[in-house]
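Single-letter residue listing:
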Amino acid sequence: MVSAAVEFSRDAIECERDDVYIPSPQEIRDLCAEIQSGWTEAERARRSRGQAGRQRTVPVSTRRFARLALDRNNRDGWAA
């Protein structure tokens, strides 16, 4: 099996496709700063701790899980 390193440069991609927009690093930084300007202090703190996309795993007993599921189904109108 032969592997070749493929190098993508901004100019090479733009030459091949005219309909692809590739933002510059400065444009990316500017847009990130704009998005982050709307964050609350709590959101900023949460993201600085590295918890942005993480889901917590909480141990729950089978009985407690059944009760939570039943409550949710009742609330959402799925109860039999």
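Residues numbered from 1 in each chain as written. Predicted model: local features only at pLDDT ≥ 70, side-chain atom pairs only at ≥ 80, totals over all residues. Heavy atoms only, no water.

Chemist: How should I be thinking about the overall build of the protein chain in this particular structure?
Modeler: Scanning the protein chain from N- to C-terminus turns up four helices and zero strands. Approximately 7,900 Å² of the protein chain is accessible, and the part contributed by carbon and sulfur atoms is 53%. (Helix = DSSP H or I, 4+ residues; strand = E, 2+ residues; numbered from the N terminus. Areas by Shrake-Rupley, 256 points an atom, 1.4 Å probe, with all protein chains shown as cover.)

Chemist: How should a nonpolar patch on the surface be read in this particular structure?
Modeler: A cluster of nonpolar side chains, namely Val58, Val60, Phe65 and Leu68, defines an oily patch on the protein surface of about 370 Å² accessible area. Tracing the backbone shows Phe65 in helix α4 (residues 62–76). Taking relative accessible area as the criterion, Phe65 reaches 57% and is therefore assigned exposed. (Patch = residues over 30% accessible without salt bridge, like charges linked within 9 Å, V, L, I, M, F, W, Y side chains within 5 Å. Salt bridge = Lys/Arg side-chain N within 4 Å of Asp/Glu carboxyl O. Buried < 20%, exposed > 50% of the residue type's maximum accessible area, 1.4 Å probe, protein only.)

Chemist: Mind showing me how you'd approach the side chain of Glu43 here?
Modeler: Among the secondary structure elements, Glu43 is positioned in helix α3 (residues 41–48). A polar contact is formed between the side chain of Glu43 and the side chain of Arg46, at a distance of 2.9 Å. (Polar contact = N/O pair within 3.5 Å; in protein donor to acceptor, adjacent residues only side chain to side chain.)

Chemist: Is there a simple way to explain the pattern of salt bridges in this structure?
Modeler: Two side chains of opposite charge can pair, provided their charged atoms sit close to one another. Tallied over the entire structure, the rule returns two salt bridges. A salt bridge links Glu43 to Arg46; its shortest N-O distance comes to 2.9 Å. Here Glu43 and its partner Arg46 are both found in helix α3, three residues apart, which amounts to about one turn of the helix. The buried category is assigned to Glu43, whose relative accessible area is 19%. As a salt-bridge pair, Glu43 and Arg47 come within 2.5 Å of each other at their nearest N and O atoms. Of this pair, Glu43 and Arg47 both sit in helix α3, four residues apart, roughly one helical turn. On the basis of relative accessibility, which here comes to 36%, the residue Arg47 falls in the partly exposed class. Taken together, the salt bridges that share partners define one network made up of Glu43, Arg46 and Arg47.

Chemist: Mind showing me how you'd approach the confidence of the model for the protein chain here?
Modeler: Do not read the fine detail of predicted coordinates wherever pLDDT is low. Across the protein chain, the average pLDDT comes to 76, with 68% of residues at or above 70. Predicted confidence in the protein chain is weakest over helix α1 (residues 10–16), with a mean pLDDT of 57, and strongest over helix α2 (residues 25–36), with 94. (pLDDT = per-residue confidence, 0-100.)

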